[in-house]
Amino acid sequence: MGVFTYPGHGSAGRDARRRAAQDQEAALTTAVRSLADVGVTAEVVSAGSTPTLEFSTSSSVITEIRPGEYVFGDLNNARLGSCTDDQIALFVAGTVVSDWVPDQVILDVGTKALSREGSPEIGYGGIAGTKAVLAKLNEYHGFLPLPDGEFRPSVGTVVPVVPNHACPVVLGFEELIVTDSTGTSLQRWPVDARGFLN
């Protein structure tokens, strides 16, 4: 059918996105020409990554783009400049289950919900609309330091947790609850790809 590439090195940093898209274009052009030289037409020329999407849409060789995280956005893509914070559309509903430690709350979301993606430097997810970042996760809980002047949610408060990486979060759930900007539930979408790696 054609050729396929994934410019994963576009996730290395803000300035890597354009270079990776250029590398992708060059690799695909070479592949298409090489196939043509032996009489094979590449009907599909498939490129893909959310970080390089912005620099791939004007390509004359690419016929298909597969930006996996593009529909949701996440903190990694916001850090790279691939989306803005207000374009992120995937959140995990986390409930505050403890406020016993001063200047910290514990949420009922851990690695089972958010994956292990993150680090002490960038955190393991953030709270939408705030600067608060999860500092540590165990399997079922997230530890959220509360910077001075930040909100202070009480036990029982549900907060929107923004994941670092959308992909493993989506695959961790059976369904997504689709809401409007006010939080009114509109639909439930089954996660059809769940378990397809078996």
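Above this note sits the structure.
Residues numbered from 1 in each chain as written. Predicted model: local features only at pLDDT ≥ 70, side-chain atom pairs only at ≥ 80, totals over all residues. Heavy atoms only, no water.

**Focus: the overall build of the chain**
Scanning the chain from N- to C-terminus turns up 4 helices and 11 strands. In terms of its C-alpha atoms, the chain occupies a principal-axis envelope of roughly 70 × 35 × 30 Å. Relative to its 198 residues, the chain shows a buried fraction of 39%. In the chain, the proportion of contacts linking residues at least 24 apart, taken out of those at least 6 apart, comes to 56%. When the accessible surface of the chain is totalled, it reaches about 11,600 Å², and 54% of it is carbon and sulfur. One finds the centroid of the 14 positive side-chain charges in the chain at a distance of 3 Å from the centroid of its 23 negative side-chain charges. (Helix = DSSP H or I, 4+ residues; strand = E, 2+ residues; numbered from the N terminus. Buried < 20%, exposed > 50% of the residue type's maximum accessible area, 1.4 Å probe, protein only. Contact = heavy atoms within 4.5 Å. Areas by Shrake-Rupley, 256 points an atom, 1.4 Å probe, with all protein chains shown as cover. Lys, Arg positive; Asp, Glu negative; His and termini not counted. Charge placed at Lys NZ, Arg CZ, Asp CG, Glu CD.)

**Examining the environment of T95**
One can find T95 in strand β4 (residues 92-98). On a C-alpha basis, the gap between T95 and V155 in space is 7.6 Å, while along the polypeptide they are 60 residues apart. Each residue touching T95, except ones within four places of it in the same chain, is listed here: I106, L107, D108, G156, T157 and V158.

**Concerning the sheet that holds strand β6 (residues 126-127)**
Strands belonging to one sheet form pairs held by backbone hydrogen bonds; the direction of such a pair is parallel or antiparallel. Across the sheet, 6 strands lie side by side as β6-β9-β4-β5-β8-β7; this open sheet has antiparallel pairing. Each end of this open sheet is capped by a strand with a single partner; those strands are β6 and β7 (136-137). The sheet contact formed by β7 and strand β8 (residues 142-145) spans 2 bridges and is antiparallel. Residue pairing in the sheet places K136 in a bridge with F143 of β8. (Pairing = 2+ DSSP bridges.)

**Considering the packing of aromatic side chains**
Think of a pair of aromatic rings as described by two things: how far the centres are apart, and how the planes are tilted against each other in angle. Evaluation of the coordinates by the stated rule reveals 0 aromatic pairs. Directly above the aromatic system of F143 lies the positively charged group of K136, at a separation of 4.5 Å from the ring centroid. (Phe/Tyr/Trp six-rings, centres within 6.5 Å; stacked < 30°, edge-to-face > 60°. Lys NZ or Arg CZ within 6 Å of the ring centre and 35° of its normal.)

**Let's talk about the sheet that holds strand β3 (residues 64-65)**
Read from one edge of the open sheet, 3 strands run β1-β2-β3, paired in parallel fashion. Each edge of the open sheet is held by one strand with a lone partner, namely β1 (2-4) and β3. Bridge count for strand β2 (residues 44-47) against β3 is 2 bridges, and the pairing is parallel. From the neighbouring strand, S46 faces β3, where its bridge partner is E64.

**Considering the side chain of R17**
Mapped onto the elements of the fold, R17 is located in helix α1 (residues 16-37). When its relative accessible area of 6% is taken as the criterion, R17 is described as buried. A polar contact of 2.7 Å, which involves the side chain of R17, links it to the backbone oxygen of P51. Residue contacts for R17: discarding those within four places in its chain leaves G10, P51, T52, E54, F55, L80, G81 and S82. (Polar contact = N/O pair within 3.5 Å; in protein donor to acceptor, adjacent residues only side chain to side chain.)

None of this, on its own, says anything about what the molecule does.
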